Each structure stands twice: as C-alpha cells, then as structure tokens.
Amino acid sequence: MKFSSQEEYGLRCLIQIGRRDADGGITIPQISQEEGLTIPNVAKLTRLLRLGGFVESVRGQDGGYKLARPAGRILIAEVLDTLGGRLYTPDFCGKHAGMEEICAHTAAGCSVRFLWETVQTAIDRVLDGLTLEDLLVNRQPSHHAVQIPVLGTP
C-alpha cells in the first residue's frame, strides 16, 4: 500500500500553514523553501487545500495562506481524502475485474474485497481520530485507544 506524493506533500504544506497561522500566514515561496518543493507544486497543493476548505488565502503585502478553521477541527481523514482519495471505495471491484466486465468474485463472498474493506475501516478509525492540531503538537489522537479490527473478528 502506498500513499501518493500529493498526499504526503499536501499534508506537509498544511502543517507549515498551521505552524504559521498565528503569525498571519505563510506564502507559497516560504512553504516551497521550508519543504524543498517547487513553487508550482506548492501552488497546486495549496489550491487543493483551499478548494477543500482547509486554508484560505490572504491578499496584500502581508498576505499568504492561513487555516480556514481551527487546527483542532481539521480531520486528517478529510485532508487525505481531498488530496488523493481513499484506498478502498465501493467502485473498487468494478475497476479490477480483469478481462471481464464484472469481477469473477461478485456473486460469492470475496476474501480480497473483505481484506480491503477491513484495511479501509482500520485506516478510517485512525485518521478520523487525528486532527491537524495533533500533528502540530506531535501528540497521540484524542481517543488514545484506537481499536484495529483483526480479520475474521467482528
């Protein structure tokens, strides 16, 4: 399983914006320098973050990007969904049907589908409990006991 560079870099840009939020914001060139990313890439990522409702741009000499809402109300699950999407979605099986129009395992219980659903559920439980504030202060999620299901158990 892999996370895309867009998700990684977008999250890093959001953390930079969150760190500078109290200072009035941070510019694209500043984020670029801090993260070692190109200015066009940072511009693309901040656009996605703005469209997702996580950041807003402030114009003017002291302009830049700042958080659109408090860091404690920005769920990491929502940010990653905006930047790249989910690992498993209901249309997953239709995209992986092989040479057929529909997956050969559609009629019966599919062990592979069960695996991806279980993995997605575990990821959702962790990411739904993490906020940008948790990452900014480098702490555990607010519900410290994240229960991850084991295959074959309810």
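My aim in this report is to walk through the structure given alongside it, one point at a time. (Residues numbered from 1 in each chain as written. Predicted model: local features only at pLDDT ≥ 70, side-chain atom pairs only at ≥ 80, totals over all residues. Heavy atoms only, no water.)

1. Quick look at the nonpolar core
Counting residues in each nonpolar core, the largest one holds 27 residues, and the members touching the most others are Leu14, Leu49, Val55, Leu67 and Val79. Of all the secondary structure elements, the ones that give two or more residues to this core are helix H1 (5–20), helix H2 (28–35), helix H3 (39–51), strand E2 (64–67), helix H4 (76–83) and helix H6 (111–127). Contact partners of Leu49, with chain neighbours within four places excluded, come to Gly10, Cys13, Leu14, Phe54, Val55, Val79 and Leu83. (Core = buried A, V, L, I, M, F, W, Y, C linked by side-chain atoms within 4.5 Å. Buried < 20%, exposed > 50% of the residue type's maximum accessible area, 1.4 Å probe, protein only. Helix = DSSP H or I, 4+ residues; strand = E, 2+ residues; numbered from the N terminus. Contact = heavy atoms within 4.5 Å.)

2. A word on H3
Here H3 contains 13 residues, and its C-alpha end-to-end distance of 18 Å stays within 8% of the 18 Å for a straight helix at 1.5 Å per residue. Of the positions making up H3, those classed as buried are Val42, Leu45, Thr46 and Leu49. Within H3, the buried residues cover an arc of 100° as seen down the axis, which keeps them to one side. Projecting away from the buried face of H3 at angles above 90 degrees are the exposed residues Pro40 and Leu51. With a side-chain oxygen lying 3.2 Å from the backbone nitrogen of Asn41, the N-terminal cap of H3 falls on Thr38. (Expected span 1.5 Å × (residues − 1). Arc of directions from axis to C-beta. Polar contact = N/O pair within 3.5 Å; in protein donor to acceptor, adjacent residues only side chain to side chain.)

3. What to know about the side chain of Asp124
By the element assignment, Asp124 lies in helix H6. Classification of Asp124 by relative accessible area gives buried; the value is 18%. Among the polar contacts made by the side chain of Asp124, one reaches the side chain of Gln120 at a distance of 2.8 Å.

4. Let's talk about the pattern of salt bridges
Any two side chains of opposite charge can pair, on the condition that their charged atoms come close. For the structure on display, the rule yields 5 salt bridges. A salt bridge links Arg12 to Glu35; its shortest N-O distance comes to 2.6 Å. Here Glu35 lies in helix H2 and Arg12 lies in helix H1, a separation of 23 residues in the sequence. The exposure class assigned to Glu35 is buried, which follows from its relative accessible area of 14%. In this structure, the salt-bridge partner of Glu78 is Arg69, at a minimum N-O distance of 2.9 Å. Residue classification places Arg69 among the partly exposed positions, given a relative accessible area of 23%. One salt-bridge network, held together by shared partners, links Glu8, Arg12 and Glu35. (Salt bridge = Lys/Arg side-chain N within 4 Å of Asp/Glu carboxyl O.)

5. A look at the pairing of strand E1 (residues 55–58)
Relative to E2, E1 runs antiparallel, the two being bridged by 4 bridges. Bridged to Ser57 within E2 is Tyr65. As consecutive antiparallel partners, E1 and E2 are separated by 5 residues, and within that stretch Gly60 has a phi angle of approximately 110°, a positive value. (Pairing = 2+ DSSP bridges.)

6. Notes on the environment of Leu49
Note that Leu49 resides in helix H3. The exposure class assigned to Leu49 is buried, which follows from its relative accessible area of 0%. Along the chain, Leu49 and Thr82 lie 33 residues apart, while their C-alpha atoms are 7.5 Å from each other.

7. Examining H4
Looking at H4, one finds that the buried residues are Ile76, Ala77, Val79, Leu80 and Leu83. Taken end-on, H4 shows its buried residues confined to a sector of 160°, consistent with a single buried face. One or two positions beyond H4, positive phi appears at Gly85, with a value near 95°.

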